[in-house]
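One letter stands for each residue in the lines below.
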Amino acid sequence: MPAAGGEPLSEPAHPRLALRTSLARLSVRPRSILLLSLVPLLALVFGVVGWLLDWRLGVDSAVYRAGAITLLHGEPLYDANTLPPEPWWALLPFTYPPTAALLFVPLAILPVQIAWGVLTAISVLAMALVVRVAIGSLPTPPAVRRWWSSPARATLLFSLVMLGLEPVWRTIFLGQINLILMAVVVLDVLVVTTRNTRWGGVLVGIASAVKLTPLVFVAHLFLTGRRREAFRAFGVFLGLQLLMLALIPGDTIRYWTKTISDTGRIGPVHWAGNQSLNGLMNRLTDLAPWASKAALGVAALLAIPAVWLMLRFHRRGQALAALLVTAFFGLLASPISWSHHWVWAVPLIVLLVSRLPQATLANAWKRWVATGAVVAVFISCVLLALPNGRNIELHWKFWQTVLGNAYILTPLVLTVVLVTRWALQRRRERARDDVAVPG
């Protein structure tokens with residue numbers, strides 16, 4: 001398809017990830033299987049013990065389970081701010097599309113704590129899958145390929161280290177599904193759609209039906225030339241909504257006409273945990289009535305460099321980097337992006353670390369500083385250390401405002417650095433061309 005500027009958008013050449021081969025290699029390594037399954041097994045054991053001792057495990061997973069039970073009982077999902085099956089320590093509104101309640105039905109047969117253990121186990125394995133796919137998608141030059149000579153070992157190491165990231169452990173603590181949705185999108189965009197099968201885009205459509213934010217990846221598929229997969233993804237999403245309209249028409253109509261625009265059900269948009277442009281604008285303007293509209297305007301302006309950057313990565317065969325641009329733009333543009341939504345830091349760190357061995361003596365320190373800064377932001381728990389709640393964010397000092405919006409600033413700073421570097425590089429190339437041409 002034609003890209004911006006009229007250039008034909010050719011299909012990039014990047015390594016094809018053979019998951020079957022990776023799984024076959026893993027199956028003959030009992031030590032690797034043990035290490036990979038250790039944390040998920042501990043989560044399941046912890047869930048069973050929590051059930052026996054009546055611990056409070058998984059606030060959000062308890063809401064997922066309650067939504068599924070409410071759906072099975074034929075009761076309304078959105079009429080009240082809480083659902084009857086919710087435990088007393090997890091009284092929160094169900095804010096997800098009706099399709100999510102349908103897909104959460106398997107959780108209904110489990111006790112609350114065991115449901116958390118199951119989701120945690122799946123989430124940890126999903127993160128390992130993301131790491132493995134990210135490693136397999138790296139366009140690593142032959143000179144430094146030895147550094148990744150054992151993808152299995154690198155996957156295990158990254159998966160254990162990434163548990164220390166605040167978005168990751170908070171997702172696990174709450175019983176959220178962010179890691180699972182990320183794995184579904186990564187698997188679809190970087191693996192399934194590259195094989196030109198009839199299943200390309202299906203997983204993105206399902207993920208979008210659970211949480212609406214993955215719809216941004218439908219646009220990603222379309223803009224990168226995967227139009228058939230993009231239409232298939234949107235068709236799956238739309239088909240699931242029509243299915244819910246047939247099953248529970250009242251709840252479905254209510255969600256799409258009222259609940260979807262009621263951000264009050266989700267939480268205060270100005271809270272520090274909301275690391276989106278909407279949260280930033282509301283904090284900076286002291287909840288001005290025009291703040292959310294201004295955030296949409298800023299997001300629309302950012303869409304221009306985001307699309308340009310994404311397509312540039314795609315044309316250069318850097319599919320993972322292109323996907324990350326879309327993911328972080330979606331986090332910035334979404335009205336609500338809680339800190340635990342930022343699990344996309346996992347593949348970002350994998351990408352940044354993979355570039356360290358490629359650095360020359362001149363730019364090595366820059367890459368180490370950039371990588372260290374990104375890791376520090378997402379592992380520091382700075383959002384928890386700052387005073388927050390009860391409108392305290394509206395009275396932050398300047399340094400608190402900078403630290404309190406660290407997640408938002410990270411992709412913005414990286415974008416500015418990349419665009420500036422490429423602009424300077426192009427300027428130097430033009431200068432060399434002018435010198436090379438006589439007269």
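None of the values given here were measured: they were computed from a predicted structure.

Asker: Quick question: what am I supposed to make of the confidence of the model for the protein here?
Answerer: Keep in mind that low pLDDT regions are not for reading the predicted coordinates in detail. Model confidence for the protein is summarised by a mean pLDDT of 89, while 88% of its residues fall at 70 or above. Scored below 50 in pLDDT, residues 1–15 makes 35 contacts in the model with residues more than four places away or belonging to other chains.

Asker: Would you mind going over the side chain of aspartate 60 with me for this structure?
Answerer: With respect to the helices, strands and loops of the structure, aspartate 60 is situated in helix H3 (residues 59–72). Buried within the structure, aspartate 60 lacks any salt-bridge partner; lysine 211 is the closest side chain of opposite charge, at an N-O distance of 7.0 Å. For aspartate 60, the contacting residues outside a window of four places in its chain are Leu92, Leu174, Gly175 and Gln176.

Asker: Can you walk me through a nonpolar patch on the surface in this structure?
Answerer: Side chains of Val45, Phe46, Val48, Val49, Trp51, Leu52, Leu53 and Trp55 sit close together on the surface and give an oily, nonpolar patch of about 740 Å² of accessible area. Within the element layout of this structure, tryptophan 51 appears in helix H2 (residues 30–53).

Asker: What is the right way to read the pattern of salt bridges from this model?
Answerer: It is possible for side chains of opposite charge to pair when their charged atoms get near one another. Within the structure shown, the criterion is met by three salt bridges. Its salt-bridge partner being aspartate 79, residue arginine 254 comes within 3.6 Å of it at the nearest N-O pair. Taken together, the residues arginine 254 in helix H12 (residues 249–257) and aspartate 79 in the loop between H3 and helix H4 (98–103) connect sequence positions 175 residues apart. Given the relative accessible area of 29%, arginine 254 is considered partly exposed. The closest approach of N and O atoms between arginine 226 and glutamate 229, which form a salt bridge, is 3.9 Å.

Asker: I keep staring at the packing of H3 against helix H5 (residues 112–136) and nothing clicks. Help me out?
Answerer: Two quantities define a packed helix pair, namely the angle between the helix axes and the distance between the axes. In contact at an axis separation of 9 Å, H3 and H5 are set at 110° when each is read in the N-to-C sense. Considering the angle they form, H3 stands roughly perpendicular to H5. For the pair formed by H3 and H5, the contact residues are Ser61, Ala62, Tyr64 and Arg65 on the first element and Val112, Ala115, Trp116 and Leu119 on the second. Here the contact of H3 with H5 is built from residues that sort into six nonpolar, one polar and one charged.

Asker: How should H12 be read in this particular structure?
Answerer: Counting along an α-helix, one turn takes 3.6 residues, and residues three or four places apart therefore face a common direction. What H12 keeps buried is the set Asp251, Thr252 and Tyr255. Looking straight down H12, one finds that the buried residues subtend no more than 100° of arc, so they occupy a single side. Exposed residues pointing more than 90 degrees away from the buried face of H12 are listed as Gly250 and Thr257. On the buried face of H12, the contacting elements are H4 and helix H11 (227–247).

Asker: Got a minute to help me understand the nonpolar core in this structure?
Answerer: A general trend in soluble globular proteins is that nonpolar side chains are found buried together. Grouped together as the largest cluster of nonpolar side chains are 101 residues, with contacts concentrated most on Phe94, Phe104 and Trp344. When neighbours within four sequence positions are excluded, phenylalanine 94 is seen to be in contact with Val63, Gly67, Leu77, Tyr78, Leu83, Ala100, Ala101, Phe104 and Arg265.

Asker: For this particular structure, what's the right way to read the environment of valine 416?
Answerer: With respect to the element layout, valine 416 can be found in helix H20 (residues 406–436). Judged by relative accessible area, valine 416 falls into the exposed class, the value being 52%. Residues valine 416 and proline 305, spaced 111 residues apart in sequence, show a C-alpha to C-alpha distance of 9.5 Å.

Conventions adopted
- Residues numbered from 1 in each chain as written.
- Predicted model: local features only at pLDDT ≥ 70, side-chain atom pairs only at ≥ 80, totals over all residues.
- Heavy atoms only, no water.
- pLDDT = per-residue confidence, 0-100.
- Contact = heavy atoms within 4.5 Å.
- Helix = DSSP H or I, 4+ residues; strand = E, 2+ residues; numbered from the N terminus.
- Buried < 20%, exposed > 50% of the residue type's maximum accessible area, 1.4 Å probe, protein only.
- Lys, Arg positive; Asp, Glu negative; His and termini not counted.
- Salt bridge = Lys/Arg side-chain N within 4 Å of Asp/Glu carboxyl O.
- Patch = residues over 30% accessible without salt bridge, like charges linked within 9 Å, V, L, I, M, F, W, Y side chains within 5 Å.
- Areas by Shrake-Rupley, 256 points an atom, 1.4 Å probe, with all protein chains shown as cover.
- Axes fitted to C-alpha atoms, helices over the stretch in contact; angles between N-to-C directions.
- Parallel < 35°, antiparallel > 145°, perpendicular 65-115°, else oblique.
- Nonpolar A, V, L, I, M, F, W, Y, C, P; charged D, E, K, R; others polar.
- Arc of directions from axis to C-beta.
- Core = buried A, V, L, I, M, F, W, Y, C linked by side-chain atoms within 4.5 Å.

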